[in-house]
Amino acid sequence: LSRDRADALDSAVARTDPQLNTDLSPACYYMGLILWSRQLEGISSVLGGAPRFVTLASAAVIALAAVALVAAARLRRGGRSSSLRAATLTAIFVVGGTEISLDVASIMAFQSFYGYVYGRIALMVAAFMAGLAMGGIAGARAAARGAALGAFALQQWGIALVPVHFAWAVATIGAMPPEALSAWSSFFPLLVVGSAVLAGAQFPLAASLYRTRNDEAGIVAGRLYGADLVGAAAGATLTAVFLLPILGLVHAMIALSILNLGVLVAFAVPALSPGRAS
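Small disclaimer: the values here were computed from a predicted structure and weren't measured.

Peer 1: Go over the overall build of the protein, please, and point to the residues and values.
Peer 2: On a plain count of helices and strands, the protein comes out with 11 helices and zero strands. Its helices and strands taken in sequence order, the protein reads α-α-α-α-α-α-α-α-α-α-α from the N to the C terminus. Burial statistics for the protein: of 278 residues in total, 41% are counted as buried. Residue pairs at least 24 apart in sequence account for 81% of intrachain contacts in the protein once pairs closer than 6 positions are excluded. Surface summary for the protein: the accessible area is close to 14,600 Å², and the carbon and sulfur share equals 67%.

This is the structure we're talking about:
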């Protein structure tokens, strides 16, 4: 390198906030994204500035914003039904993003621990889908028995706790000696089953909360499924590109728990408002 380029490189390194690259905090992966994104004008600057905004405090602000939006829906339309429907759609959106984020995090963690992943992706996805199916059956039966807001809120509380317990489980597995770690490779896909059961059970209850006398079942299902898909798309992108590389797996899971707790608090708005949903 010339003296000028060497000085520029030293200056750039000096301005960089160092971050240790570990199995559960892939900082080098993020640096690689920034490097390759320089081929696309404007994207590299977005990635480079993202660490200033992707923090646990940001997750808390977004959670408060979700509560504020639900409260605004009640004040604007003046009904418990409107705020409850807004809270339900918000919950499905956030839970959709949370579930796909857990899936992405489990794939990343498995690859970091074992050095391969393609032979397990099908098993991880199958375990996740099986959990959704089991939860959907249980949720449909609960909704048929008249379970609604209380059961939905309880499941939202469970989903809010899942990411931090998932992070603890992954960190515990990662700290195992090599022989024990190898034995856990076949059981790793089961880490996502619990959250999938909760999410699957929540969907039928969400339909019963969201639907009014004048709504067709197909329209309700379409709106909720759309919110779930949009949330999943946003969650997969944000988690893979920003949360995991910048915050690391543990803090990323804490951020997801904060967001889901915000949704849980949002349900206090319709629950405390007078009247009953139509």
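On we go.
Peer 1: Go over the packing of aromatic side chains with me, naming the residues and quoting the values.
Peer 2: Ring pairs (aromatic) are described by centroid distance and by the angle formed between their planes. Taken as a whole and assessed by the stated rule, the structure comprises seven aromatic pairs. Measuring from centroid to centroid gives 5.5 Å for phenylalanine 110 and phenylalanine 188, while their planes differ by 75 degrees, and the two rings are edge-to-face. Remark: phenylalanine 188 occurs in the loop between helix H8 (178-183) and helix H9 (193-210) and phenylalanine 110 occurs in helix H5 (residues 80-114); sequence separation between them is 78 residues. A single burial state applies to phenylalanine 110 and to phenylalanine 188, both of which are buried. Through a chain of ring-to-ring contacts, three or more aromatic side chains come together here, namely Phe110, Phe113, Tyr114, Tyr116 and Phe188. Directly above the ring of tyrosine 210 sits arginine 85, whose terminal nitrogen or CZ lies 4.1 Å from the centroid.

Peer 1: Before we move on, can you summarise the packing of helix H7 (residues 149-174) against helix H10 (residues 217-266) with the specific residues and values?
Peer 2: One can describe the packing of H7 onto H10 by two numbers: an axis separation of 9 Å at closest approach and a directional angle of 175 degrees. Comparing their axes, H10 and H7 come out roughly antiparallel. Side by side, H7 and H10 meet where Ala153, Gln156, Trp157, Ile159, Ala160, Pro163, Val164, Phe166, Ala167 and Val170 of the first sit next to Leu249, Val250, Met253, Ile254, Leu256, Ser257, Asn260, Leu261, Val263 and Leu264 of the second.

Peer 1: Explain the side chain of glutamate 99 residue by residue, including any values.
Peer 2: For glutamate 99, the location among the structural elements is in helix H5. Although glutamate 99 is buried, it makes no salt bridge; arginine 120 carries the closest opposite charge, 19 Å away. Those residues in contact with glutamate 99, other than ones at most four positions away along the chain, are Phe128, Ile159, Ser195, Ala196 and Ala199.

Peer 1: Outline the environment of isoleucine 258, supporting the account with residue identities and numerical values.
Peer 2: Mapped onto the elements, isoleucine 258 comes out in helix H10. The class of isoleucine 258 is partly exposed, set by a relative accessible area of 25%. Counting along the chain gives 198 residues from isoleucine 258 to alanine 60, while the straight-line C-alpha distance between them is 6.2 Å.

Peer 1: Account for the nonpolar core, with residues named and values stated.
Peer 2: Grouped together as the largest cluster of nonpolar side chains are 32 residues, with contacts concentrated most on Phe113, Val170, Phe188, Leu249 and Met253. At the level of secondary structure, the elements contributing two or more residues to this core comprise helix H2 (27-37), H5, H7 and H10. Looking at which element gives the most residues to this core, the answer is H10, with 10 residues. Residue contacts for methionine 253: discarding those within four places in its chain leaves Ser101, Leu102, Ala105, Pro163, Val164, Phe166 and Ala167. By size, the runner-up hydrophobic cluster in this structure holds 16 residues, among which are Ala91, Ala227, Val263 and Phe267.

Peer 1: Lay out H7 with the relevant residues and their values.
Peer 2: In a regular helix each residue adds 1.5 Å, so 26 residues correspond to 38 Å; H7 covers 38 Å between its end C-alpha atoms and thus fits that length. Within H7, the axis deviates most sharply at valine 162, by approximately 30 degrees, and proline proline 163 lies no more than four positions further along.

Peer 1: Can you break down the environment of methionine 134 residue by residue, with the values?
Peer 2: Summarising the element assignment, methionine 134 is placed in helix H6 (residues 118-144). Along the chain, methionine 134 and alanine 196 lie 62 residues apart, while their C-alpha atoms are 8.6 Å from each other. Those residues in contact with methionine 134, other than ones at most four positions away along the chain, are Val193 and Val197.

Peer 1: How would you sum up H9? Please name residues and give values.
Peer 2: Over its 18 residues, H9 extends 26 Å from the first C-alpha to the last, a length consistent with the 26 Å expected when each residue adds 1.5 Å. The sharpest bend along H9 measures roughly 25 degrees and falls at phenylalanine 203, with the proline proline 204 sitting one to four residues further on. Residues of H9 that are buried: Val193, Ser195, Ala196, Ala199, Gly200, Ala201, Gln202, Pro204, Leu205, Ala206, Leu209 and Tyr210.

Peer 1: Give me the lowdown on a nonpolar patch on the surface, citing residues and values where you can.
Peer 2: A surface patch of nonpolar side chains, amounting to about 300 Å² of accessible area, comprises Leu154, Trp157 and Leu261. Structurally, leucine 261 is set in helix H10.

Peer 1: Hey, could you go over the environment of valine 250 for me, with residue numbers and the actual values?
Peer 2: Positionally, valine 250 belongs in helix H10. With 226 residues separating them along the chain, valine 250 and leucine 24 place their C-alpha atoms 7.4 Å apart.

Peer 1: I'd like a description of the packing of H7 against H9, backed by residues and values.
Peer 2: Close contact between H7 and H9 brings their axes to 9 Å; oriented N to C, the two are set at 150 degrees. The angle between H7 and H9 places the two elements in the roughly antiparallel class. Seen along the crossing, H7 lies across H9 with a hand that is left-handed. Residue-level inspection shows Leu149, Ala151, Phe152, Gln155, Gln156, Gly158, Ile159 and Val162 of H7 in contact with H9, the latter providing Ser195, Leu198, Ala199, Ala201, Gln202, Leu205, Ala206 and Leu209.

Procedures and definitions
- Residues numbered from 1 in each chain as written.
- Predicted model: local features only at pLDDT ≥ 70, side-chain atom pairs only at ≥ 80, totals over all residues.
- Heavy atoms only, no water.
- Helix = DSSP H or I, 4+ residues; strand = E, 2+ residues; numbered from the N terminus.
- Buried < 20%, exposed > 50% of the residue type's maximum accessible area, 1.4 Å probe, protein only.
- Contact = heavy atoms within 4.5 Å.
- Areas by Shrake-Rupley, 256 points an atom, 1.4 Å probe, with all protein chains shown as cover.
- Phe/Tyr/Trp six-rings, centres within 6.5 Å; stacked < 30°, edge-to-face > 60°.
- Lys NZ or Arg CZ within 6 Å of the ring centre and 35° of its normal.
- Axes fitted to C-alpha atoms, helices over the stretch in contact; angles between N-to-C directions.
- Parallel < 35°, antiparallel > 145°, perpendicular 65-115°, else oblique.
- Lys, Arg positive; Asp, Glu negative; His and termini not counted.
- Salt bridge = Lys/Arg side-chain N within 4 Å of Asp/Glu carboxyl O.
- Core = buried A, V, L, I, M, F, W, Y, C linked by side-chain atoms within 4.5 Å.
- Expected span 1.5 Å × (residues − 1).
- Bend = angle between axes of the 7 residues up to and from the residue.
- Patch = residues over 30% accessible without salt bridge, like charges linked within 9 Å, V, L, I, M, F, W, Y side chains within 5 Å.
- Left-handed = near helix turned anticlockwise from the far one by under 90°.

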